[in-house]
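Here is what each chain is made of, one letter per residue.
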Amino acid sequence: MASVTYEHVTKRFGNVVAVNDLNIHIEDKEFLVLVGPSGCGKTTSLRLIAGLEEITEGRILIGDRVVNDIPPKDRDIAMVFQSYALYPHMSVFDNMAFGLKLRKVPKAEIKRRVQEAAEILGIEELLDRKPRQLSGGQRQRVAVGRAIVREPKVFLFDEPLSNLDAKLRVQTRAEISKLHLRLQTTFIYVTHDQVEAMTMATRIAVMKDGILQQLDSPQSLYDYPANVFVAGFIGSPAMNFFNARLVRGDGGLVVDAGTFQVPVPASLLERYAAYEGKNVIFGIRPEDIHDPAFTPPDISAATVEANVEVLEPMGNEVILYLSSDSHSFGGRVDPRSQARPGSKMQVIFNMDNMHLFETDGDQKAIR
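Residues numbered from 1 in each chain as written. Predicted model: local features only at pLDDT ≥ 70, side-chain atom pairs only at ≥ 80, totals over all residues. Heavy atoms only, no water.

A. Structural context of the sheet that holds strand E19 (residues 344–350). Read across the sheet, five strands follow the order E15-E19-E16-E17-E18 without closing on themselves; strand pairing throughout is antiparallel. Here the strands that pair on one side only, and so sit at the sheet edges, are strand E15 (289–290) and strand E18 (327–333). As judged from the seven bridges shared by strand E16 (residues 301–313) and E19, these two strands associate in the antiparallel manner. Residue Asn-307 lies in a different strand from E19, and its bridge partner there is Lys-344. (Pairing = 2+ DSSP bridges. Helix = DSSP H or I, 4+ residues; strand = E, 2+ residues; numbered from the N terminus.)

Structural data, given as structure tokens:
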């Protein structure tokens, strides 16, 4: 097993900087997820580890070994791609065994590894089938099995669930998480889906325009986003943002968003005191916006009047799309809410979980 380290890694394609001065140390046996929108550099970062792209600047280490100039086949990694890339004329067994046969691994050892991987993935009864006889989820498990049999130091996953339907994605991401716990190997996983990242990762690296924005545990990213980009990317539905001004009022500080004003809780006054009189970005998550009839007890509640634009019943909750003059925002409320589209209602902001960000530069969180 091995750790993986990016040391000031940059990758350029002509004048385009795909990865810019990336520094990450991935611990042995860790499950790290690289997440971000299309074009942010996450897949390129993964391909640099695999040796499928050449580093422009910096170093990548697997364990204590610098691998910049080591061929992909000698890096002791295995990669699972978005496309299954199975050989259609071969059986599942032969697809999984193919790489081992090329390496001249003894037949008995190949059989042991394939049978063991098939047992781990629950595909023992599929070993004699051809890929065309398998469902999408089964093909993806075969592709994962082909990586497992190599017994690598590091597993690389490049959006492996993108071709699966919603139900299979949920099922397969749970299987991959269990696989990580069972194999106790370093996993590095790329996705654009923040739900995948939040549910699977030990730590998440959020990227934008080739630059690492924040590296932390899923809960820390949710609770303490470094900037507006991370705050808006992590969480579903996304955090609501309002251009506002922090002003003095009612013996404390008030967030003045123009169409509504909400007080800053006493517990946060010291944190934000230096920004009194300044423009800020006010952030609050949909799950911190409540129907007054079903507001949790003991919160710092602030009332805002809103128009109900759209209502999405989800069974266990209702997603409300709201507006207050020029501001549009979303709330996740109790399914017993009586809110109806086209009506006005008062909603409750839980100000204990409010966020403030700077308006300029990287729009950093105010701590």
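More follows now that the structure is in view.
B. Representation of the layout of surface pockets. There is about 590 Å³ of room inside the largest pocket. Looking at the largest pocket, it is lined by 21 residues, and the ones nearest its centre are Met-79, Phe-81, Gly-99, Arg-146 and Arg-150. Mapped by element, the contributors of at least two residues to the lining of the largest pocket are strand E6 (77–80), helix H2 (92–102) and helix H4 (136–148). Looking at side-chain class alone, the lining of the largest pocket contains 15 nonpolar, two polar and four charged residues. In this structure, the second largest pocket encloses a volume near 260 Å³. Contributing to the lining of the second largest pocket are 17 residues, with Asp-223, Asp-352, Asn-353, Met-354 and His-355 lying nearest its centre. Mapped by element, the contributors of at least two residues to the lining of the second largest pocket are helix H7 (218–223), helix H9 (269–272) and strand E20 (355–357). Among the elements that line the lining of the second largest pocket, the one with the most residues is E20, at three residues. Broken down by class, the residue content of the lining of the second largest pocket amounts to nine nonpolar, two polar and six charged. (1 Å grid on protein atoms, 1.4 Å probe; cavity = no way out; pocket = protein on both sides within 12 Å on 5 of 7 lines; lining within 4 Å. Points joined across faces, edges and corners; volume = space filled by probe spheres on them. Nonpolar A, V, L, I, M, F, W, Y, C, P; charged D, E, K, R; others polar.)

C. Here's a closer look at the packing of H2 against H4. Look at H2 against H4: their axes get within 8 Å of each other, and the N-to-C directions meet at 30°. Judged by the twist between their axes, the crossing of H2 over H4 is right-handed. Residue-level inspection shows Val-92, Asn-95 and Met-96 of H2 in contact with H4, the latter providing Val-142, Gly-145 and Arg-146. For the contact of H2 with H4, the class distribution of residues is three nonpolar, two polar and one charged. (Axes fitted to C-alpha atoms, helices over the stretch in contact; angles between N-to-C directions. Left-handed = near helix turned anticlockwise from the far one by under 90°. Contact = heavy atoms within 4.5 Å.)

D. Region of the structure containing the sheet that holds E20. With antiparallel pairing, five strands are arranged side by side in an open sheet as E13-E12-E11-E14-E20. For this open sheet the edge positions go to strand E13 (261–263) and E20, each flanked by a neighbour on one side alone. Averaged over neighbouring strand pairs, the angle between their axes works out to 40° when direction is ignored. With six bridges joining them, strand E11 (residues 240–249) and strand E14 (residues 279–284) adopt antiparallel strand pairing. Paired with Phe-242 across the two strands is Phe-282, which belongs to E14.

E. Representation of H4. An ideal rise of 1.5 Å per residue puts 18 Å on 13 residues; H4 measures up with 19 Å between its terminal C-alpha atoms. Along H4, ten of the 13 residues are buried, which leaves the element largely enclosed by surrounding structure. Listed as buried for H4 are Gly-137, Gln-138, Gln-140, Arg-141, Val-142, Ala-143, Val-144, Gly-145, Ala-147 and Ile-148. Each element contacted by the buried residues of H4 is listed here: E6, H2, helix H3 (107–121), strand E7 (154–158) and helix H5 (166–183). (Expected span 1.5 Å × (residues − 1). Buried < 20%, exposed > 50% of the residue type's maximum accessible area, 1.4 Å probe, protein only.)

F. Layout of the pattern of salt bridges. With the rule as written, the count across this model stands at 16 salt bridges. Across the pair Glu-7 and Arg-59 runs a salt bridge whose closest N-O atoms are separated by 2.9 Å. Note that Glu-7 is positioned in strand E1 (residues 4–13) and Arg-59 in strand E4 (residues 57–62), a separation of 52 residues in sequence. For Arg-59, a relative accessible area of 37% puts it in the partly exposed group. In this structure, Glu-109 engages Arg-112 in a salt bridge whose closest nitrogen and oxygen atoms are separated by 2.7 Å. Of this pair, Glu-109 and Arg-112 both sit in helix H3, three residues apart, which is roughly one turn of the helix. Exposure remark for Glu-109: the relative accessible area of 23% places this residue in the partly exposed category. Using a relative accessible area of 35% as the deciding quantity, one classes Arg-112 as partly exposed. Salt bridges here are not isolated pairs; linked through shared partners, they connect Glu-109, Arg-112, Arg-113, Glu-116 and Glu-151. (Salt bridge = Lys/Arg side-chain N within 4 Å of Asp/Glu carboxyl O.)

G. How the structure looks around empty space enclosed by the protein. For the coordinates displayed, the defined rule picks out one cavity of 30 Å³ or more. If you add up the space inside the largest cavity, you get close to 50 Å³. Taken together, Leu-121, Gln-140, Arg-141, Val-144, Thr-172, Glu-175, Ile-176 and Leu-179 make up the full set of residues lining the largest cavity. Counting only elements with at least two residues in the lining of the largest cavity, the list comes to H4 and H5. Here the lining of the largest cavity is composed, by residue class, of four nonpolar, two polar and two charged.

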